[in-house]
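# Notes for the structure review
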Amino acid sequence: MAISHDDLHGLDLGTLLAGLPPTGAWSALFELPDLSFGLRSTGSAFEVVPATGINDAWDFELLVSESEWTAFCSTPCPRGFTTAQALVATSGGTPVRGNRAVWARAALVVDRVLAALRDRVTPTPQRRPDPAAPATGLSPVVGRYLTVEVEGRPQRLYFESAGTGPPLVCLHTAGADSRQFRYLLEDPELTAQWTVYAFDMPWHGRSEPPADWQRQTYRLTTATYAATVLAFMDGLGLDRPVLAGCSMGGAIALYLAAEHGDRFTGVCALEGGLGNPSRFVDWTNRTDVDHSLFLTSWVGGLIAPTSPTGPAAQTLWGYAQSGPGIYQGDTYFYSQDLPRVADSLGTARCPLYVFSGEYDYSATTEMSRAAAERLGGQLVEMEGKGHFPMSEDPASFAEYFFPVLALLRDKYES
C-alpha cells in the first residue's frame with residue numbers, strides 16, 4: 001500500500017480536479033506513510049512541489065498515520081475511512097494542522113487527491129448499478145403547497161405525494177429537502193400500498209423562509225421541529241401515519257415516537273440517534289468558505305463506497321443547493337438542542353424501528369442501538385449502507401425498509 005513519487009507524479013491534476021472553482025492561493029503539506037509532498041494552488045492551477053526542509057511554510061498540513069492509511073486503502077474500507085473528509089471528521093480533526101479555514105476551502109481538492117493516490121494501489125470498490133432511468137412522460141409524483149400554523153406563525157410548506165393507501169410521511173436530512181425521497185415516491189411497489197408524502201421543512205427546498213431571512217440566524221429547535229411535523233399532518237388530515245425520517249429527520253422521529261407516539265401507527269428512524277455534538281462546525285457557515293462546496297465534502301464521506309454512482313452524486317447535489325447557514329442551523333438541533341431533552345424521553349408509544357447503515361459515522365450503529373434500547377425500539381442494521389440510504393442506494397435500501405412497512409401496514413389495518 002506504499003505510495004511512490006511515481007504514483008504521485010502520474011496524477012493528471014488538471015483532469016483530477018476538473019469542475020472545481022478557483023479556491024484561492026494556498027499551499028498544503030501532505031504527510032503520508034513513505035511519502036511527503038506539497039501541493040500549491042495559484043488560484044487557477046495546481047502543482048505538486050517537494051517538501052524539502054525545515055524552512056518550508058504551509059497554510060495547512062494533512063498528517064495521515066500508517067494505521068489510518070492502511071484503513072483508508074483497505075477493500076472494503078471501514079467506517080470513517082471512505083474519504084479524506086471522513087478521516088478528518090471521525091478523528092476530531094487531528095490530521096489537519098494549520099489554518100483550518102484554508103483547509104475547508106481546499107477540502108474537495110484534498111478529497112480527490114487522496115482518493116486518486118489510493119486508487120493507484122488499491123482496487124476501486126465495485127458500485128451497485130444505477131437504478132433504471134425514469135420513463136419518458138409525466139411522473140406520478142404531485143407537488144403542492146400547504147400553509148399551516150406553527151407556534152403561532154404561518155408556514156408555507158412544499159410537499160410531494162404519490163400513491164394510494166395509508167399515509168407514509170418522510171422527513172429529509174439536515175440541509176437537504178424532499179428530493180431525497182424521489183425514488184420512494186416513484187416506486188410502484190411502495191405506492192401501490194402507501195400514500196407517500198415528503199415535505200420540505202421551512203427554509204429548505206421550495207418551502208419559504210421568513211421575509212426577513214437575511215437578518216436572521218437560522219437555528220432549528222426540537223420544539224419547532226416537532227410542531228412543524230405535527231402541523232403538516234394536521235393540515236392534510238393524516239390519521240396515524242407511519243413516520244420515516246432520516247438523519248435529523250430520524251432524530252426527531254425518535255423524539256416524536258416517545259412524546260407523541262399515539263399520533264403514529266409506527267416510526268422508522270433512519271440513521272437516527274439522540275444527537276452528535278461533532279456535526280456542528282464553523283465551516284458550514286462562514287463568508288470565507290463556500291458552504292455549498294464544503295458540504296459536498298463534509299457529507300460525502302457518509303456515502304457508502306458501493307452506492308450507485310448516479311444516486312450518490314444526486315444526493316450531494318442536493319447539499320450543493322442548500323441555503324447559507326441552513327445545514328448549520330439544522331445541526332444545531334441535532335448537536336446541541338436535542339441532547340438537552342434526550343435524557344427525559346420515555347419509551348416509544350408506538351412501534352419503533354431504528355435503521356442504521358454500516359458506513360454512517362454521524363449516527364453510528366452504536367448510537368442507533370443505544371437509541372433503540374433507550375426507547376424500546378428494534379434496531380435494523382443495514383450492511384453496506386451509508387447515511388442517506390433512501391437516496392444514495394434506494395433499491396438496496398428497499399430490501400430492508402419494505403418488510404418493516406409490511407409489518408406496520410398490518411398494524412394500521414388492524
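Residues numbered from 1 in each chain as written. Predicted model: local features only at pLDDT ≥ 70, side-chain atom pairs only at ≥ 80, totals over all residues. Heavy atoms only, no water.

Per an unreviewed UniProt entry, the recorded name for the protein chain is Alpha/beta fold hydrolase, and the organism is Pseudonocardia lutea.

### Brief notes about the sheet that holds strand β10 (residues 242–246)
The mixed open sheet is built from eight strands, whose spatial order is β6-β7-β9-β8-β10-β11-β12-β13. Every interior strand has two partners, whereas the edge strands, β6 (142–150) and β13 (378–382), have only one. Pairwise comparison of adjacent strand axes, ignoring direction, gives a mean angle of 25° for this sheet. Taken together, the four bridges between strand β11 (residues 266–270) and strand β12 (residues 352–357) define a ladder with parallel strand orientation. (Pairing = 2+ DSSP bridges. Helix = DSSP H or I, 4+ residues; strand = E, 2+ residues; numbered from the N terminus. Axes fitted to C-alpha atoms, helices over the stretch in contact; angles between N-to-C directions.)

### Comments concerning the packing of aromatic side chains
Tallying each qualifying case throughout the model produces 20 aromatic pairs. Ring geometry for Tyr 225 versus Phe 333: centroids 5.1 Å apart, planes at 80°, classification edge-to-face. Taken together, the residues span a long stretch of sequence, with Tyr 225 in helix α9 (residues 222–236) and Phe 333 in helix α13 (residues 326–342) at a distance of 108 residues. Each member of the pair Tyr 225 and Phe 333 is classed as buried. Ring centres of Phe 294 and Trp 298 lie 5.9 Å apart, and the angle between their planes is 20°; this geometry places the pair in the stacked category. (Phe/Tyr/Trp six-rings, centres within 6.5 Å; stacked < 30°, edge-to-face > 60°. Buried < 20%, exposed > 50% of the residue type's maximum accessible area, 1.4 Å probe, protein only.)

### A word on helix α6 (residues 107–121)
With 15 residues, α6 should reach 21 Å at 1.5 Å per residue; the first-to-last C-alpha distance of 22 Å fits that figure. Every buried residue of α6 is listed here: Ala 107, Leu 108, Val 109, Val 110, Asp 111, Val 113, Leu 114, Ala 116, Leu 117 and Arg 118. (Expected span 1.5 Å × (residues − 1).)

### Thoughts on the pairing of strand β9 (residues 195–199)
Extensive coverage of β9 is indicated by the burial of five of its five residues. The side-chain alternation of β9 yields two buried faces, one formed by Thr 195, Tyr 197 and Phe 199 and the other by Val 196 and Ala 198. Note: strand β7 (residues 153–163) against β9, five bridges, orientation antiparallel. Residue Ser 161 lies in a different strand from β9, and its bridge partner there is Tyr 197. Taken together, the five bridges between strand β8 (residues 167–171) and β9 define a ladder with parallel strand orientation.

### Comments concerning the sheet that holds strand β4 (residues 60–63)
Whenever strands of a sheet pair, they do so through backbone hydrogen bonds, lying parallel or antiparallel. On the basis of which strands lie adjacent, the open sheet formed by five strands has the order β3-β2-β1-β4-β5 and mixed pairing. Two strands in the sheet have a free side with no partner beyond their single neighbour: β3 (46–49) and β5 (96–98). Between one strand and the next, the sheet's axes are offset by a mean angle of 20°, whatever the strand orientation. Bridging between strand β1 (residues 24–32) and β4 involves four bridges; their strand directions are parallel. Paired with Glu 31 across the bridge in β4 is Leu 63.

### Section: the UniProt feature "domain: AB hydrolase-1" (unreviewed entry) in the protein chain
Under the local residue numbering, the UniProt record ascribes the feature "domain: AB hydrolase-1" (unreviewed entry) to residues 166–300. Structurally, residues 166–300 comprises 32% helix and 15% strand, and the distance from its first C-alpha atom to its last is 34 Å. (UniProt positions renumbered as here; feature names shortened; annotations may be inferred.)

### A few points about the layout of surface pockets
Size it by volume and the largest pocket reaches roughly 950 Å³. Along the walls of the largest pocket sit 35 residues, with Thr 83, Ala 115, Arg 127, Gly 300 and Leu 316 positioned nearest its centre. Of all the elements in the fold, those that place two or more residues in the lining of the largest pocket are α6, α11 (291–298) and α12 (309–320). A breakdown of the residues in the lining of the largest pocket according to their chemical character gives 18 nonpolar, 12 polar and five charged. Here the second largest pocket is characterised by a volume of approximately 490 Å³. In terms of residue count, β7 provides more of the lining of the second largest pocket than any other element does, four residues in total. (1 Å grid on protein atoms, 1.4 Å probe; cavity = no way out; pocket = protein on both sides within 12 Å on 5 of 7 lines; lining within 4 Å. Points joined across faces, edges and corners; volume = space filled by probe spheres on them. Nonpolar A, V, L, I, M, F, W, Y, C, P; charged D, E, K, R; others polar.)

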